[in-house]
Amino acid sequence: MVLGYLIRGPIGGLAWHHLHYLIGLRQLGHDVRFVEDSEDYPACYDPSRHITSTDPQYGLAFAGAALDKLGFGTAWAYYDAHKQCWSGPAAMHADEFCRSADVVLNISGSNPI
């Protein structure tokens with residue numbers, strides 16, 4: 001499982017920083033999942049409006065498109081601590097794969113464990 005800052009930081013280089021881990025681990029034969037947690041502070045950046053808030057909608061759309069294009073379309077989930085709910089295609093299974101992950105890589109230390 002890779003924890004990252006893709007939904008809250010949906011911009012080119014920052015996104016690829018995280019996506020390279022997913023791609024590389026899959027190429028090594030691992031079953032990879034991406035998880036992100038909003039934490040309790042407003043950290044969702046929307047580059048189309050140049051604002052940072054608690055609204056993850058821009059980042060969810062960005063991540064969904066990027067992850068789908070790279071073959072991870074159903075292998076990701078986002079926990080919104082502000083609404084206390086999971087989003088993303090793997091939302092219903094997020095607790096399960098968080099508990100059963102063999103390895104957790106917290107890229108950039110940007111998610112609470």
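Residues numbered from 1 in each chain as written. Predicted model: local features only at pLDDT ≥ 70, side-chain atom pairs only at ≥ 80, totals over all residues. Heavy atoms only, no water.

**A short note on the overall build of the chain**
Next, step 1: Broken down by element type, the chain carries three helices and seven strands.
Next, step 2: Scanning the chain from its N terminus toward the C terminus, one meets helices and strands in the order β-α-β-β-β-α-β-β-α-β.
Next, step 3: Judged by the C-alpha coordinates and their principal axes, the chain covers about 40 × 25 × 25 Å.
Next, step 4: The contacts in the chain between residues at least 6 apart in sequence include a share of 66% that link residues at least 24 apart.
Next, step 5: Working note: accessible area of the chain is about 6200 Å², and carbon and sulfur atoms make up 54% of it. (Helix = DSSP H or I, 4+ residues; strand = E, 2+ residues; numbered from the N terminus. Contact = heavy atoms within 4.5 Å. Areas by Shrake-Rupley, 256 points an atom, 1.4 Å probe, with all protein chains shown as cover.)

**Overview of the confidence of the model for the chain**
If pLDDT is low for a region, its predicted coordinates should not be looked at in detail.
Next, step 1: The predicted model of the chain averages 95 in pLDDT, with 100% of residues at 70 or higher.
Next, step 2: By mean pLDDT, helix α3 (residues 94-100) is the weakest element of the chain at 93, and helix α2 (residues 57-69) is the strongest at 98. (pLDDT = per-residue confidence, 0-100.)

**Some remarks on the sheet that holds strand β1 (residues 2-3)**
Backbone-to-backbone hydrogen bonds pair the strands of a sheet. The strands run either parallel or antiparallel.
Next, step 1: With mixed pairing, five strands are arranged side by side in an open sheet as β6-β5-β2-β1-β7. Unpaired on one side and paired on the other, β6 (85-87) and β7 (105-106) mark the two borders of the sheet.
Next, step 2: Relative to strand β2 (residues 34-37), β1 runs parallel, the two sharing two bridges. Paired with L3 across the bridge in β2 is V35. (Pairing = 2+ DSSP bridges.)

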